[in-house]
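Observations on chain architecture
So you can see what is in the structure, the chains are spelled out below.
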Amino acid sequence: MRASLLTSTAAAMFALSFAAGGASAASKWDGADDLPTSPLACDASAAAAPAAAKPYDGGQPTNPPDKAGKEITLVDVPKLIGIGYFNATSKGMQDAAKELGNVKVTTDGPTEAKIDEQIKFIDNYITRGVDGVLFAANDPVAIAPVLKKALSKGIHVVGYDANSTPDAREWFVNQAEFNGIGKGMMDSMAKEIGEDGSFAIVTSTFTTPNQARWIAEMQAYAEKCHPKMKWLETVEAQEDNNLSFNQATTLINKYGDKLKGLFGMTSVATPASAEAVTKAGQCGKIAVVGLATPNAMKPYLKTDCVKSVVLWNPIDLGYAATYVMRAVVDGKLKPGATSVEAGKLGKLNVVNGSEILLGPPFIYTKANIDKFDF
Amino acid sequence: MSAAIAAEAWRAPRWLKRHETLLAIILVIALIALGAFNDRFLTVENLLDQGRFITETGLIALPMTFIIITGGIDLSVGAIVGLCAVMLGYSWKTFGFPLPLAIVFALFVGALAGFVNGFIITRVRVPPLIMTIATLALYRGLAEGVSQAHSVRGYPDWFYFLGQGSVFGVPAQLLLLVVLIVVAGVALDRTTFGRALYAIGANETAARFSALPVDRVKLIVYTLSGLASGLAAWVLVSRVTTTRMDMGTGYELDVIAAVVLGGTSIFGGSGTIWGTVIGLVMIQLLKNGLALTGVKGDATIVVIGVALILSVLIASSLQRRRD
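The model shown is predicted, which means the values in this text are computed figures rather than measured ones. (Residues numbered from 1 in each chain as written. Chains lettered and ligands numbered in written order. Predicted model: local features only at pLDDT ≥ 70, side-chain atom pairs only at ≥ 80, totals over all residues.)

1. Notes on the sheet that holds strand β1 (residues 72-77) of chain A
Residues and elements named next belong to chain A. Inclusion rule: Strands are treated as partners if at least two bridges between them are detected by DSSP. Note on conventions: DSSP H or I runs of at least 4 residues are helices, E runs of at least 2 residues are strands, and numbering of each starts at the N terminus. Note on geometry: axes are lines fitted to C-alpha atoms, helical ones only across the stretch in contact, with angles between N-to-C directions running from 0 to 180 degrees. Contact definition: two residues whose C-beta atoms, as placed from backbone geometry, lie within 7 Å.
Taken in spatial order, the eight strands of this open sheet run β2-β1-β3-β4-β5-β13-β12-β11, and their pairing is mixed. The outermost strands of the open sheet, each flanked by one partner alone, are β2 (103-107) and β11 (339-341). Neighbour-to-neighbour, the strand axes of this sheet turn through a mean angle of 25°, independent of strand direction. Of the pairings in the sheet, the one linking β1 to strand β3 (residues 132-135) comprises four bridges and is parallel in character. Bridging across to β3, L74 finds its partner in G132. Packed on one face of the sheet, helix α3 (residues 115-128) meets β1 and β3 and runs near 170° to β1.

Quick look at the structure:
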C-alpha cells in the first residue's frame, strides 16, 4: 500500500518537472532580455551612426536642497561589495572625491548580489539622509520603487554599470555601448574559435540588467555577422567565485569536445572560467573570452590561456559617476544637456536621452596588461 | 508571628520570568540605546517603514511557529515564495489570466506546495527536515523551469497598493500582518487546534493515543505554511514591482531565526506567537538601528547571530530552572 503511494508520488513529481521543462519555448538565448537590440555593422566600420537624439527620459528629485558648491555626502551602493570590480569603481569615486574636494563618498552594500538586500541598504541611507545615491542595480525594475522614494525626498540619484528603469534615476553612466560590447565579445570569440565554433556563456543571473543587455546584443550581432556559430547554453553563477568555477567545469565536462569557447560575462565568471579551463588541461583548446579586471586575468594572459580581455576602466567609471553627481548638484548638468565635464576624462557625451557614455571598450592583452593594477 | 514570615522575600511574578518577557525587555533596552545614538531611528516614519520589510518574513513565521511547535520544520518556504511569485507573473503574462485570478492561482500553488510537503511527511513518514530540503530544491527548480529566468513586469497600478500603499498612514501589508498575527495568536492559544499542536510537539505518540487527529493537524500546518509563503510572495512582488525566480532565497533562515529567537523550542512543545512577533521585530529593528548608526553592511548580521545565541542561552537556563 505504502509502496504504491510512494511510486505514484514520485511519478507525479517527475511529470511536474517535465511539464515545467516543456513549458519553455524560448528561442532566444538564456540570459538575454526582451528589449530591442541594435547590432553594429559586421566590419570594422563600427562607429554606429549616432541615433537621433532622444529626449531626456530620466527622473528628477522633488525640491532638492540647493547645495551648489557646498560639501555633499554621497553613498555608493553597488551590486555587491568585496569583488575587484566594485573595489575599483569605489577607488575611482574616492579619487574623484579627493580631486573635487567637497564630496564625501561611502561605499556600502550587500555581500551577495541580492536585490532585496540592496533595496534595504538604499532605504536605510535614505532614512539617514544623504545628498546623493550612486548605484549599480541588481534588478532594473525591482530597484525602481526605492530609488523613486529617494528622488521624492530630494536626494539625487545617479546610476553606473547597471541601469534601472530611466524614470527612477537622473542619469546613468554607461561604461560602453551595449552593442559595442556585443560586437567586441563575439568578434574576439569568432577570431579564436572560428566561424562555426560552439560556445557557452557563464553569467551572473538571467535577470541582471547589464549582463542581460549584453547577451541580447551578442545574440543579435551573432545572428547578423556570425550566423554559423552555435550557442550551447548559458549558466548562472551569481557573482560567486566557487559557483562560477563549478559551473564552468560542469560545462566543460558536459559538452566535451563540442565546447570550443566560454564567455565570462562578469568579472568573477571570467577568471573562474579560465581557471576551470586550466585545471581541465584545455588551455588552447577552449577559448575564454570575457569581461574581467586585469589583475584577476594576469596569470591566464601570461600562460596564453586567455588571449584578450574586454573591459572598460572601472576606476574611470566610478570617477565619472562622481563627477556627474557633482555636476548635477551644482546645476551644471540639466535635462537636455548633451555633454558633461568629467575631470581628467574630459568631455563625456550624453546618449540615449539620459545616459552618459564613458567611451569605447578597452581590450587588455598580454602586451598591455602589466600597465594596470586593479 | 515572627517577622520572618511577614518579611517573606518578594518573588518575581511568573510572567516576568518567561522568555518572551525577558526578550521584550531586551528589545526595549536595545531600542532606547539605538534611538539615543541616532535621531532618525525612533521616528514613526522609520518604524512604519520597517514594518514593510518585516511583513514577508512575518507572514511565514506565523505557520512556522506552528510547525516548530509540533517538532517539525519547513525549509522549503523560501522556494515556495519563489515558485508562487513566478506563478503569479507567469499565469498573468503567459496564460493570460486576469490579474486577480493570477493572484488566487499563486496562493493556490503555494497551498498545494505546502500540502505536498505535509502529505508526504505524514503518509510516507519522511522526516520533515529531509522532505523540505528536497522540496526546497524541487520548487526552486520548478520556478526556474517555468519562468525560464524571465522576469515579469508592468503590473497595473492597483496591484502595487499592497506592497507600497498605506491605509491611514500605516503600510498596507503591515495591517495584513497584524490581522493575521491576531488570528494566529488566537488559534494557538484558544482553540483545540492550538492545544493539539502543543500536545503533538510534547509527545506525538501520546497525542496519537489520545485520539488527536495528529496527521490531519500536521497536514494543515504545512499547507498553511505554503499558503503563507504564497501570500508573502504576493506582497513581495507588489513591493518590488517585478517577479524574479530567485525571490525568497534564504527566507527560511530568517524565518526560523525569528521563531527561535522568540522562544519557541526547536524540539517542539513550546512557543507562542507573541514571542515570534518580538523575535521578528527585534531582528529587523536591530538591523535597521545598527545600519542607521553607521555600522557597515553585514556587520549587523554578527549582532543578530549574537542575539540568537543569547536567546538560546536564556531559554535553556530558564528551562533548567523550571525543571
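Right, picking up where we left off after that structure.
2. As for the sheet that holds strand β9 (residues 287-291) of chain A
Residues and elements named next belong to chain A. Read across the open sheet, the six strands follow the order β7-β6-β8-β9-β10-β14; overall the sheet is mixed. Because the sheet does not close on itself, it has two edges, and the strands there are β7 (230-236) and β14 (362-365). Taking each pair of neighbouring strands and ignoring which way they run, the sheet shows an average axis angle of 20°. Where strand β8 (residues 261-264) lies against β9, four bridges are found, and the strand directions are parallel. From the neighbouring strand, G261 faces β9, where its bridge partner is A287.

3. Thoughts on the packing of helix α4 (residues 77-93) of chain B against helix α5 (residues 99-123) of chain B
Residue and element names in this part refer to chain B. Rules: Throughout this description, any angle smaller than 35 degrees is read as roughly parallel, any larger than 145 degrees as roughly antiparallel, any in the 65 to 115 degree range as roughly perpendicular, and the remainder as oblique. Note on convention: near helix rotated counterclockwise from far helix by under a right angle means a left-handed crossing. Clockwise means right-handed. Under the scheme applied, nonpolar residues are Ala, Val, Leu, Ile, Met, Phe, Trp, Tyr, Cys and Pro; charged residues are Asp, Glu, Lys and Arg; polar residues are all the others, including Gly.
Two numbers describe how α4 lies on α5: the axes approach to 8 Å, and their chain directions differ by 150°. Considering the angle they form, α4 stands roughly antiparallel to α5. α4 and α5 meet at a crossing whose hand is right-handed. Judged by residue contacts, I80, L83, C84, M87, L88, S91 and W92 of α4 engage L99, A102, I103, F105, A106, V109, G110, A113 and G114 from α5. Looking at side-chain class alone, the contact of α4 with α5 contains 13 nonpolar, three polar and no charged residues.

4. Thoughts on unusual backbone geometry
Residue and element names in this part refer to chain A. Notably, N63 is not glycine yet its phi reads approximately 50°, a positive angle. Residue D304 is not a glycine yet carries a positive backbone phi of 65°. Residue position: D304 is located in the loop between α9 (294-302) and β10 (308-311).

5. A few points about the environment of A:T111
Assignment of secondary structure puts A:T111 in the loop between β2 and α3. Counting along the chain gives 31 residues from A:T111 to A:L80, while the straight-line C-alpha distance between them is 5.2 Å.

6. Considering the environment of A:T207
Defined as follows: Whether a residue is buried, exposed or partly exposed follows from its count of other C-beta atoms within 10 Å of its own C-beta, namely 20 or more, 12 or fewer, or something in between, respectively; the C-beta atoms are built from the backbone.
Residue position: A:T207 is located in the loop between β6 (198-203) and α6 (209-225). Judged by the 25 C-beta atoms lying within 10 Å of it, A:T207 falls in the buried class.

7. So, the domain arrangement of chain A
All names here are of chain A. The line we're drawing: Throughout the structure description, domain borders are defined by an automatic or database domain assignment.
Parsing chain A into structural domains produces domain 1 (72-176 + 313-359) and domain 2 (178-311). Each of domain 1 and domain 2 has a C-alpha centre, and these two points are 28 Å apart. Each partner contributes to the interface: domain 1 provides 16 residues, whereas domain 2 provides 14 residues. The element contributing the most residues to the side of domain 1 that touches domain 2 is helix α2 (residues 84-100), with three residues. Residue classes in the side of domain 1 that touches domain 2 are distributed as 10 nonpolar, three polar and three charged.

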